[in-house]
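Structure assessment
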2 protein chains.
Amino acid sequence: MKPDFSKQNGLLPAIVQDAGSGKVLMLAYMNELAWNKTVETGKAHYWSRSRQKLWLKGEESGHVQKVREIYLDCDLDTILLRVEQLGGAACHTGYQSCFYQRYSNGEIETVGERVFDPKEVYKK
Amino acid sequence: MKPDFSKQNGLLPAIVQDAGSGKVLMLAYMNELAWNKTVETGKAHYWSRSRQKLWLKGEESGHVQKVREIYLDCDLDTILLRVEQLGGAACHTGYQSCFYQRYSNGEIETVGERVFDPKEVYKK
């Protein structure tokens, strides 16, 4: 049993949740290669749609996601990873979660604080 | 400010999380119409890709999702809804969450219990 990579052109969404706090950290995409690498290594791998390559989360920043639990949805076409986020932040902007913008009545409010400075981490 | 529906052919993934427990309930998709209806009514609306129509979650089962908070990700192309799930279950199979299958070493273990019997609820 595994996700059904015959669906959605072989690219399935993966929701990433902090195993400790339950906070939703990010959404990324996995193809079968990324899935296999994740299962083999216990470290979250995704398929980068922008770069069209396998992506070990944290390969540049060191902020690897250690996979604690994997869940599949009823249709076997969405993945839920419960992870331990090394470095404390999943978002490349330095926020703990990519979902740091709360929407209300047409306005966005930034919630949470930056855990790291992207300029320091990515050296770009 | 709102999600960027110029991306991904106007169909953005929406992660749905229980506002009380933090449990991830499901993933669905929103187009701009579904987004507008959700914001206007406070009830989660999605775009059904299989039926190609606007879908008020719970329209058949009565298990509406009352939206408590909305978050947008760093790229404005993924939505996170924190909801109150009426009826206690988000999945059409009767489970509280669509992610009721835990994966480990090639095996799937069903976790959680059915909250409702789909045959009773959908009368099909």
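Here, every reference points to the structure presented above.
Residues numbered from 1 in each chain as written. Chains lettered and ligands numbered in written order. Predicted model: local features only at pLDDT ≥ 70, side-chain atom pairs only at ≥ 80, totals over all residues. Heavy atoms only, no water.

**Some remarks on the overall build of chain A**
Rules: Numbering of helices and strands runs from the N terminus; a helix is a DSSP stretch of H or I covering at least four residues, while a strand is a stretch of E covering at least two. Here the radius of gyration uses the C-alpha set of atoms, whereas the globule reference equals 2.2 Å times the residue count to the power 0.38. In this scheme, a residue with accessible area under 20% of its type's maximum is buried, one over 50% is exposed, and one in between is partly exposed, where area comes from a 1.4 Å probe on protein chains only.
Helix and strand content of chain A: two helices and eight strands. Overall, chain A shows an N-to-C arrangement of helices and strands of β-β-α-β-β-β-β-β-β-α. In summary, chain A has a C-alpha radius of gyration of 15 Å against a globular reference of 14 Å for 124 residues, a match within 12%. By principal-axis analysis of the C-alpha atoms, chain A measures approximately 40 × 35 × 30 Å. Of all 124 residues assigned to chain A, the portion counted as buried reaches 49%.

**Observations concerning the pairing of strand β5 (residues 65-72) of chain A**
In regular strands, side chains alternate between the two faces of the sheet. As a reminder, the rule being used: A pair of strands is labelled paired if DSSP reports no fewer than 2 bridges between them.
For β5 of chain A and strand β6 (residues 79-85) of chain A, the ladder comprises seven bridges, and the chain directions are antiparallel. Across the sheet, the residue bridging to Ile70 of chain A is Leu81 of chain A, located in β6 of chain A. Where β5 of chain A hands over to β6 of chain A, the hairpin turn is made up of six residues, of which Leu76 of chain A adopts a positive phi near 60°. Here three bridges tie β5 of chain A to strand β7 (residues 101-104) of chain B, and the two strands are oriented antiparallel to one another. For Leu72 of chain A, the partnering residue across the bridge sits in β7 of chain B and is Gln101 of chain B.

**What about the sheet that holds strand β6 (residues 79-85) of chain B?**
Defined as follows: Axes here mean lines fitted to C-alpha atoms, for a helix over just the part in contact, with angles spanning 0 to 180 degrees between N-to-C directions.
As summarised here, the arrangement of the six strands in space is β8(A)-β7(A)-β5(B)-β6(B)-β1(B)-β2(B), forming an open sheet in which the pairing is mixed. Every other strand in the sheet has two partners, leaving β8 (107-110) of chain A together with β2 (24-30) of chain B as the edge strands with one partner each. Pairs of neighbouring strands in the sheet enclose a mean axial angle of 35°, with direction left out of account. Taken together, the four bridges between strand β7 (residues 101-104) of chain A and β8 of chain A define a ladder with antiparallel strand orientation. The partner of Gln101 of chain A across the bridge, within β8 of chain A, is Thr110 of chain A.

Keep in mind these values describe shape, not function.
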